[in-house]
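# An overview of the molecular structure
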Amino acid sequence: MNSERIFIVVGGLAGAAGVALSAVAAHAGGGNVGTAASFLLAHAPALLAIGLIGGNRVLKGGGAILLLGLVLFCGDLLARHYAGSRLFPMAAPAGGTLLIAGWLVVAASALAASSRR
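Here's a quick rundown of the structure.

### Side note on the overall build of the chain
- In terms of regular secondary structure, the chain is built from 4 helices and 0 strands.
- Scanning the chain from its N terminus toward the C terminus, one meets helices and strands in the order α-α-α-α.
- Computed over C-alpha atoms, the radius of gyration of the chain comes to 15 Å, within 12% of the 13 Å expected from 2.2 N^0.38 for 117 residues, which places it in the range of a compact globule.
- Here the chain holds 117 residues, and the buried ones make up 35% of them.
- In the chain, of all internal contacts separated by at least 6 residues, the share reaching a separation of at least 24 is 64%.
- Carbon together with sulfur atoms contributes 71% to the accessible area of the chain, which is approximately 6300 Å² in total.

### Describing the environment of Asp 76
- Tracing the backbone through its elements, the reader meets Asp 76 in helix H3 (residues 57-82).
- The exposure class assigned to Asp 76 is buried, which follows from its relative accessible area of 0%.
- Sequence separation of Asp 76 and Val 10 is 66 residues, and the distance between their C-alpha atoms is 18 Å.
- Not counting the four nearest positions on each side in its chain, Asp 76 is found in contact with Val 71, Arg 86, Leu 87, Phe 88, Ala 91 and Ala 92.

### Some words on the pattern of salt bridges
- Applying the stated rule across the entire model yields 3 salt bridges.
- Here Glu 4 ties to Lys 60 by a salt bridge, and the two come within 2.8 Å at their closest N and O atoms. Here Lys 60 lies in helix H3 and Glu 4 lies in helix H1 (residues 3-28), a separation of 56 residues in the sequence.
- With relative accessibility at 21%, the residue Glu 4 sits in the partly exposed group.
- Asp 76 serves as the salt-bridge partner of Arg 80, at 2.8 Å between the closest nitrogen and oxygen. Of this pair, Arg 80 and Asp 76 both sit in helix H3, separated by 4 residues, roughly a single helical turn.
- By relative accessible area, Arg 80 is classed as partly exposed at 28%.
- Look at the salt bridges and you will find they share partners, linking Asp 76, Arg 80 and Arg 86 into a network.

### Let's talk about the packing of H1 against helix H2 (residues 31-53)
- Where H1 contacts H2, the axes come no closer than 7 Å and their chain directions differ by 155°. Taken together, the axis directions place H1 and H2 in an arrangement best described as roughly antiparallel. Considering the relative orientation of H1 and H2, their crossing is left-handed.

### Concerning H3
- In this model, H3 (26 residues) spans 36 Å end to end at C-alpha, consistent with the 38 Å of a helix rising 1.5 Å per residue.
- You can read the cap of H3 off the contacts: a side-chain oxygen lies 3.0 Å from the backbone nitrogen of Val 58, and it is on Asn 56.
- Gly 84 sits one or two positions beyond H3 and adopts a positive phi of about 75°.

### So, the packing of aromatic side chains
- The full count for this structure, using the stated rule, is 1 aromatic pair.
- Taking 4.5 Å as the distance between ring centres and 40° as the angle between the ring planes, the aromatic pair formed by Phe 39 and Phe 73 counts as tilted. In this pair, Phe 39 is assigned in helix H2 and Phe 73 in helix H3, connecting sequence segments 34 residues apart.
- With a relative accessible area of 30%, Phe 39 lands in the partly exposed category.
- By relative accessible area, which is 14% here, Phe 73 ends up buried.

Quick notes on the rules
Residues numbered from 1 in each chain as written. Predicted model: local features only at pLDDT ≥ 70, side-chain atom pairs only at ≥ 80, totals over all residues. Heavy atoms only, no water. Helix = DSSP H or I, 4+ residues; strand = E, 2+ residues; numbered from the N terminus. Rg over C-alpha atoms; globule rule 2.2 N^0.38 Å. Buried < 20%, exposed > 50% of the residue type's maximum accessible area, 1.4 Å probe, protein only. Contact = heavy atoms within 4.5 Å. Areas by Shrake-Rupley, 256 points an atom, 1.4 Å probe, with all protein chains shown as cover. Salt bridge = Lys/Arg side-chain N within 4 Å of Asp/Glu carboxyl O. Axes fitted to C-alpha atoms, helices over the stretch in contact; angles between N-to-C directions. Parallel < 35°, antiparallel > 145°, perpendicular 65-115°, else oblique. Left-handed = near helix turned anticlockwise from the far one by under 90°. Expected span 1.5 Å × (residues − 1). Polar contact = N/O pair within 3.5 Å; in protein donor to acceptor, adjacent residues only side chain to side chain. Phe/Tyr/Trp six-rings, centres within 6.5 Å; stacked < 30°, edge-to-face > 60°.

As structure tokens, then:
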């Protein structure tokens, strides 16, 4: 499976999980669940767009960084809520930092693309 399809599949799964977790948070409560749902819903369209656009290596790298950050950040919040423990120490902050870095790389991909023209 090529990277474009992976981003589309993961974007769709992130969107679905975000909607499901939003419902859980609304009916059962849980601040961490609501936060994870918000992050999944916010990043799902970006992952879908990266998959649909394809783009250059820098854009795909930014998408991969976003994906890893999303897994760490949301995974840690959900592990705290459902398992009562963290993925590992500093998983959520590391994931959040990766999300910030991923967005910066996505932005830089436009500069990388324009410098080749």
